[in-house]
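# Coordinate analysis (summary)
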Amino acid sequence: MLFHIQSTHSYKTCGANDPEKKKIMRSAFLSAEEKGIKIHSLVVNRPSHTVYMVAESETFENIDKMFEPILTMTDAIITPVMPMTLDWEGVYFYRSLHL
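Reference entry: report on the structure contained in this document. (Residues numbered from 1 in each chain as written. Predicted model: local features only at pLDDT ≥ 70, side-chain atom pairs only at ≥ 80, totals over all residues. Heavy atoms only, no water.)

Our next topic: the pairing of strand E3 (residues 50–57). Judged from the seven bridges that link them, strand E1 (residues 2–8) and E3 form a sheet pairing that is antiparallel. Looking at E3, one finds that Phe 3 is bridged to Ala 55. Counting the residues that bridge the hairpin from strand E2 (residues 37–45) to E3 gives four residues, and of these His 49 lies at a positive phi of roughly 55°. (Pairing = 2+ DSSP bridges. Helix = DSSP H or I, 4+ residues; strand = E, 2+ residues; numbered from the N terminus.)

See the structure below:
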């Protein structure tokens, strides 16, 4: 399963200037592979204190385990997603249903 993850925190809980928080956050994301998670994309919007991730895992529980050490530092929205075809027919079908 693919998951889109949006993880936000406040300026006060930001790990950028706190070496211990930074270490915990880094460790959580680096533990992904051992928890059965493949991170396809990891990007950040620093001014909004938001991290975006596309991750693949067999279960939601694996994602939950990855976030366990950082639950007090971040609010995460974890949404199951699927690839979208970019062929013309697929795009037209998608638009006709959702626009």
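Tallied over the entire structure, the rule returns two aromatic pairs. Arranged with centres 6.2 Å apart and planes meeting at 75°, the rings of Phe 29 and Phe 67 form a pair that is edge-to-face. Placement of Phe 29 in helix H1 (residues 19–30) and of Phe 67 in helix H2 (residues 60–67) is noted, with a sequence separation of 38 residues between them. For the pair shown, Phe 29 and Phe 67 are each scored as buried. (Phe/Tyr/Trp six-rings, centres within 6.5 Å; stacked < 30°, edge-to-face > 60°. Buried < 20%, exposed > 50% of the residue type's maximum accessible area, 1.4 Å probe, protein only.)

Once that is clear, we can look at the sheet that holds E3. Sheet architecture is open: four strands sit in the order E2-E3-E1-E4, paired in antiparallel fashion. Each edge of the open sheet is held by one strand with a lone partner, namely E2 and strand E4 (75–81). Taken over all neighbouring pairs, the strand axes of this sheet differ in orientation by 15° on average, direction set aside. Along the sheet face, H2 touches E1, E2, E3 and E4 and points at about 25° away from the line of E1. (Axes fitted to C-alpha atoms, helices over the stretch in contact; angles between N-to-C directions. Contact = heavy atoms within 4.5 Å.)

Here we come to H1. In this model, H1 (12 residues) spans 16 Å end to end at C-alpha, consistent with the 16 Å of a helix rising 1.5 Å per residue. Where H1 is buried, its residues contact E2, E3 and H2. Residue Asp 18 occupies the N-cap position of H1, its side-chain oxygen lying 3.0 Å from the main-chain nitrogen of Glu 20. (Expected span 1.5 Å × (residues − 1). Polar contact = N/O pair within 3.5 Å; in protein donor to acceptor, adjacent residues only side chain to side chain.)

Within H2, the full set of buried residues consists of Asn 62, Ile 63, Met 66 and Phe 67. Taken around the axis of H2, the buried residues stretch over an arc of 135°, which confines them to a single face. Residues of H2 that are buried in the fold lie against E1, H1, E2, E3 and E4. (Arc of directions from axis to C-beta.)

This brings us to the environment of Leu 71. Its place among the elements puts Leu 71 in the loop between H2 and E4. Considered as a pair, Leu 71 and Met 25 are 46 residues apart in the sequence and their alpha carbons are 10.0 Å apart.

By themselves, these are just geometric observations and shouldn't be taken as functional.
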